[in-house]
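# Structural description and commentary
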Amino acid sequence: MTTIQQRYEEAKTAYAKLGVDTDAVLKKLADVKISMHVWQGDDVQGFLSDEALSGGISVTGNYPGAAHTPEELRQDLEKAYSLIPGKHKLNLHAIYLDTEEAVDLNELEPKHFEKWVAWAKEQGLGLDFNPTFFSHPMFKDGFTLASPDEEVRQFWIEHGKRSRQIAAYMGKETGQVCVNNFWVPDGYKDNPIDRFTPRERLMTALDEIFAEELPAEYTVDAVESKLFGLGAEAYTVGSHEFYMGYGLTRDKLICLDAGHFHPTEVISNKLSSLALFSKGILLHVSRPVRWDSDHVVIMDDELQEIGRELVRNDLLPKTNIGLDFFDATINRVAAWVIGTRNTQKALLKAMLEPIEELKAIELSGDFTTRLAMTEELKDYPYADVWNYFCESQGVPAGLEWLSEVKAYEETVLKARK
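- As annotated in an unreviewed UniProt entry, the protein chain carries the name L-rhamnose isomerase and is attributed to Enterococcus casseliflavus.
- The protein chain has a UniProt comment under Pathway (unreviewed entry) that states "Carbohydrate degradation; L-rhamnose degradation; glycerone phosphate from L-rhamnose: step 1/3."

This is the structure we're talking about:
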């Protein structure tokens, strides 16, 4: 028996005294799929063009080894997945097409993503998708789907329609539902006169995009809000209220991004309310620092609270968990590994709580015991359970993964121009 196994057995005994079956917890955790975002690997550049980022998105840093081709990106992803326990999904943006054909966003077809689908099937991964409404010449005067220019609007409507077909293709081929998430950066830098009409245009454009019914076993649509963005500081068309209303009335998933709200807002407190009324939830787990800076996810209070809300309220079956951060100041493979493993750890910590007992204590009005127990649980050996989970899934425990990433950097990443 290894040291990790020995420590797990001790932790198992400690949690059993609370009525928690750690073996059952680990089986449950193994079933949770995290949708890891492709854009961390190349700083949201994609393979459509060499256009600089625009539309409320910016990436800082120039750490060596960014992927410059789909092959390099898939190589980096394979390395990251090999250090993360469980089988997961990959979240693709439309600009990550893999084709020799010269094609624009309004001309995309499933064939332009065949290599990604073949790779995902080989790796046993699911795929999610996102149309790309930024970093393009047709992003004009800060607008796409809400543009007053009919030509601009129709370009992006066509892109949205084609993205849905691609998502359905991905879901059918992989055998896992492909979540297709719509985020648009439209807005004004300074105070507008008319806030209503752009939102009306956005609503109408989305209705046209979603008019065709697609098989729910292949793909589902999600809509994502934002408080403000670069160049849209005063007014964002797709606000939280807009997409809350749109998603609920159009039966779409509503995406909550951890960085897309006021600096003092958290998405964890929104989950229970949204779950009561929505078809489902899509999370973009990120880490805002003084707002939407999309830092690598760490085990901070909010990440743990998100995990608790999902587990305590049995929301995992109706929640799709994706990551959304990009940091070019550190090793990009390491960023994926850190963020994904931390998200899993937050869920594990929540699963190791005696939830039904805690709920009964709260319902009885015994708030003293509630506080005492939740505080004591912070000292329980969840890390020993996590390390055993990693070992049982065939991935490095503790910091052992970092040496593999460092070796990969020396042999692969630094050789790239």
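Picking up where we left off.
## Section: the nonpolar core
- Residues Leu77, Trp116, Leu145, Met170 and Leu347 are the most contacted members of the largest nonpolar core, which totals 122 residues.
- Ranked by the residues each element gives to this core, the list is headed by helix α10 (residues 332-351), at 10 residues.
- Both of domain 1 (1-31 + 353-416) and domain 2 (33-348) provide at least three residues apiece to this core.
- With sequence-adjacent residues up to four places away left out, Leu347 is seen in contact with Leu29, Val32, Ile34, Gly307, Leu310, Val311, Leu316 and Ile321.
- Among the nonpolar cores identified, the runner-up in size contains 6 residues, and Val179, Leu253, Cys255 and Leu282 belong to it.

## Describing empty space enclosed by the protein
- One pass over the full model with this rule turns up 4 cavities of 30 Å³ or more.
- Roughly 50 Å³ of volume is contained in the second largest cavity.
- As for the second largest cavity, its lining consists of Gly55, Gly56, Trp183, Val184, Pro185, Lys226, Phe228, Gly229, Leu230, Ala232 and Thr236.
- Classifying every residue of the lining of the second largest cavity by side-chain character gives 6 nonpolar, 4 polar and 1 charged.

## Overview of the packing of aromatic side chains
- A full pass over the atoms with the stated rule returns 17 aromatic pairs.
- For the ring pair Phe113 and Phe129, a centre distance of 5.3 Å and an interplane angle of 90 degrees mean the geometry is edge-to-face. You can see Phe113 sitting in the loop between β2 (89-93) and α4 (114-123) and its partner Phe129 sitting in strand β3 (residues 126-130), a full 16 residues away along the chain.
- Given the relative accessible area of 0%, Phe113 is considered buried.
- Among the residues examined, Phe129 registers a relative accessible area of 0% and is labelled buried.
- Judged by centre distance (5.4 Å) and plane angle (45 degrees), the ring pair of Phe133 and Trp156 falls under tilted. Of the two residues, Phe133 is situated in the loop between β3 and α5 (150-174) and Trp156 in helix α5; the sequence distance between them amounts to 23 residues.
- For Trp156, a relative accessible area of 0% translates into the label buried.
- Taken together, the aromatic side chains of Phe133, Phe155, Trp156, Phe182, Phe210, Phe242, Tyr243 and Tyr246 make up a single cluster linked through ring pairs.
- We note Arg74 situated over the ring of Trp116; from NZ or CZ to the ring centre the distance is 4.7 Å.
- Against the face of Tyr382 rests Lys349, its NZ or CZ located 4.8 Å from the ring centre.

## Points about the UniProt feature "binding site: Mn(2+)" (unreviewed entry) in the protein chain
- With numbering aligned to this structure, UniProt lists the feature "binding site: Mn(2+)" (unreviewed entry) at His260, Asp292 and Asp294. The annotated residues occupy 35 residues of the chain but converge on a single region, no pair of C-alpha atoms lying more than 9.6 Å apart.
- Position of Asp292 relative to the elements: it lies in the loop between β9 (281-285) and α9 (301-312).
- Non-local contacts of Asp292, meaning those with residues more than four positions away in its chain, are made with Lys226, Asp257, Gly259 and His260.
- Polar contacts involving the side chain of Asp292 include one to the side chain of Lys226, which spans 3.3 Å.
- Among the secondary structure elements, Asp294 is positioned in the loop between β9 and α9.
- Residue Asp294 is classed as buried on the basis of its relative accessible area, which comes to 5%.
- Among all residues touching Asp294, those that are not within four sequence positions of it are Ser286, Arg287, Asp324, Phe325 and Phe326.
- There is a polar contact of 2.9 Å between the side chain of Asp294 and the side chain of Ser286.

## What to know about the packing of helix α8 (residues 268-277) against α9
- Their axes nearest at 8 Å, the elements α8 and α9 cross at an angle of 20 degrees. Put simply, α8 runs roughly parallel to α9. Considering how the two elements wind past one another, α8 and α9 form a crossing that is right-handed. Facing Ser268, Leu271 and Ser272 of α8, the residues of α9 in contact are Glu302, Glu305, Ile306, Glu309 and Leu310.
- Looking at the contact of α8 with α9 residue by residue, the class counts come to 3 nonpolar, 2 polar and 3 charged.

## A short note on α10
- The first and last C-alpha atoms of α10 sit 29 Å apart over 20 residues, in line with the 28 Å expected at 1.5 Å per residue.
- Burial analysis of α10 places 18 of its 20 residues in the buried class, the great majority of the element.
- The residue sitting at the N-terminus of α10 and contributing the capping side-chain oxygen is Asn331; that oxygen lies 2.9 Å from the backbone nitrogen of Val333.

Rules behind the numbers
- Residues numbered from 1 in each chain as written.
- Predicted model: local features only at pLDDT ≥ 70, side-chain atom pairs only at ≥ 80, totals over all residues.
- Heavy atoms only, no water.
- UniProt positions renumbered as here; feature names shortened; annotations may be inferred.
- Core = buried A, V, L, I, M, F, W, Y, C linked by side-chain atoms within 4.5 Å.
- Buried < 20%, exposed > 50% of the residue type's maximum accessible area, 1.4 Å probe, protein only.
- Helix = DSSP H or I, 4+ residues; strand = E, 2+ residues; numbered from the N terminus.
- Domains from an automatic or database assignment.
- Contact = heavy atoms within 4.5 Å.
- 1 Å grid on protein atoms, 1.4 Å probe; cavity = no way out; pocket = protein on both sides within 12 Å on 5 of 7 lines; lining within 4 Å.
- Points joined across faces, edges and corners; volume = space filled by probe spheres on them.
- Nonpolar A, V, L, I, M, F, W, Y, C, P; charged D, E, K, R; others polar.
- Phe/Tyr/Trp six-rings, centres within 6.5 Å; stacked < 30°, edge-to-face > 60°.
- Lys NZ or Arg CZ within 6 Å of the ring centre and 35° of its normal.
- Polar contact = N/O pair within 3.5 Å; in protein donor to acceptor, adjacent residues only side chain to side chain.
- Axes fitted to C-alpha atoms, helices over the stretch in contact; angles between N-to-C directions.
- Parallel < 35°, antiparallel > 145°, perpendicular 65-115°, else oblique.
- Left-handed = near helix turned anticlockwise from the far one by under 90°.
- Expected span 1.5 Å × (residues − 1).

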